[in-house]
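If you want the building blocks of each chain, they are given just below.
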Amino acid sequence: MTTNNLYFLRTDPTFNPFLTLDHALTPEECQQAIDLGESFTMRKPVAGKDHRLDVGRSCWLSDIEFNGESAWLYQRVMDIFNTVNYQSFNYDITGLEGIQYSRYDQPGDQYGRHMDMNTKEIPLTRQQRKLGFSIFLDRPENYEGGHFLGWDSENKLQINQPQGSISIYPSWLVHQITPMEKGVRRSIDGWFQGPVFR
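The present account deals with the structure reproduced in this document. (Residues numbered from 1 in each chain as written. Predicted model: local features only at pLDDT ≥ 70, side-chain atom pairs only at ≥ 80, totals over all residues. Heavy atoms only, no water.)

On to the side chain of Gln161. Topologically, Gln161 is positioned in the loop between β10 (155–159) and β11 (166–170). Engagement of the side chain of Gln161 in a polar contact is seen with the backbone oxygen of Gly146, the distance being 3.3 Å. Filtering out sequence-adjacent residues up to four positions away, Gln161 remains in contact with Phe136, Asp138, Pro140, Tyr143, Gly146, His147, Phe148 and Arg185. (Helix = DSSP H or I, 4+ residues; strand = E, 2+ residues; numbered from the N terminus. Polar contact = N/O pair within 3.5 Å; in protein donor to acceptor, adjacent residues only side chain to side chain. Contact = heavy atoms within 4.5 Å.)

Okay, structure coming up:
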């Protein structure tokens, strides 16, 4: 099965730098990803480990390690990313930083406005986050709140979150998860790195 017939690229009539692809995962694969995320140690965000904790972040996280159980998910993300980066961004990318599972399950759980790109502290490897992604694992009608909002300059954009869809966006764009009201919102998130922007 190729990316040409598996994924459908949806963009808004006006330019939207948050590119969303429907059907990145089937409902069954979404449940597999949830089970995978829950199988790793769940923790609250930690200062110094999880980016931009200062903006207000409340949820549960786990770091999905690459192993025999998670290889399919890493491969799916890489297949999608290679197509989207080639067609839409053409960034110089050297690799995937990692995959994280996020669970927002309490009223008020949120992630305040932030950028994923490490603009102040560049690691010794001179690598920088260039593209971020989120795969939405739950049906939107199963929770309230938890909206994914992004900003393109001064324009606020609400990103649709159909179950199994993926949003890919430049890491320098501001975005947030609004406070949860009820239900459970789960996602797979990660970042692609490359040489520092010039």
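All right, on to the environment of Asp189 then. Structurally, Asp189 can be placed in strand β14 (residues 185–195). Excluding residues that lie within four positions of it along the chain, Asp189 makes contacts with Gly98, Ile99, Gln100, Ser102, Phe133 and Ser134. In this structure the side chain of Asp189 is engaged in a polar contact, spanning 2.9 Å, whose partner is the side chain of Ser102.

In this section: the packing of helix α2 (residues 27–39) against helix α3 (residues 71–89). Two numbers describe how α2 lies on α3: the axes approach to 11 Å, and their chain directions differ by 120 degrees. On the basis of their axis angle, the class for α2 and α3 is oblique. Seen along the crossing, α2 lies across α3 with a hand that is left-handed. In contact with Glu29, Gln32, Ala33 and Leu36 of α2, α3 contributes Trp72, Leu73 and Arg76. A class-by-class count of the residues in the contact of α2 with α3 yields 4 nonpolar, 1 polar and 2 charged. (Axes fitted to C-alpha atoms, helices over the stretch in contact; angles between N-to-C directions. Parallel < 35°, antiparallel > 145°, perpendicular 65-115°, else oblique. Left-handed = near helix turned anticlockwise from the far one by under 90°. Nonpolar A, V, L, I, M, F, W, Y, C, P; charged D, E, K, R; others polar.)

Taken together, the 5 bridges between strand β9 (residues 148–152) and β10 define a ladder with antiparallel strand orientation. Of the residues in β10, the one forming a bridge with Phe148 is Ile159. Joining the antiparallel neighbours β9 and β10 is a turn of 2 residues, in which Ser153 adopts a positive phi near 60 degrees. (Pairing = 2+ DSSP bridges.)

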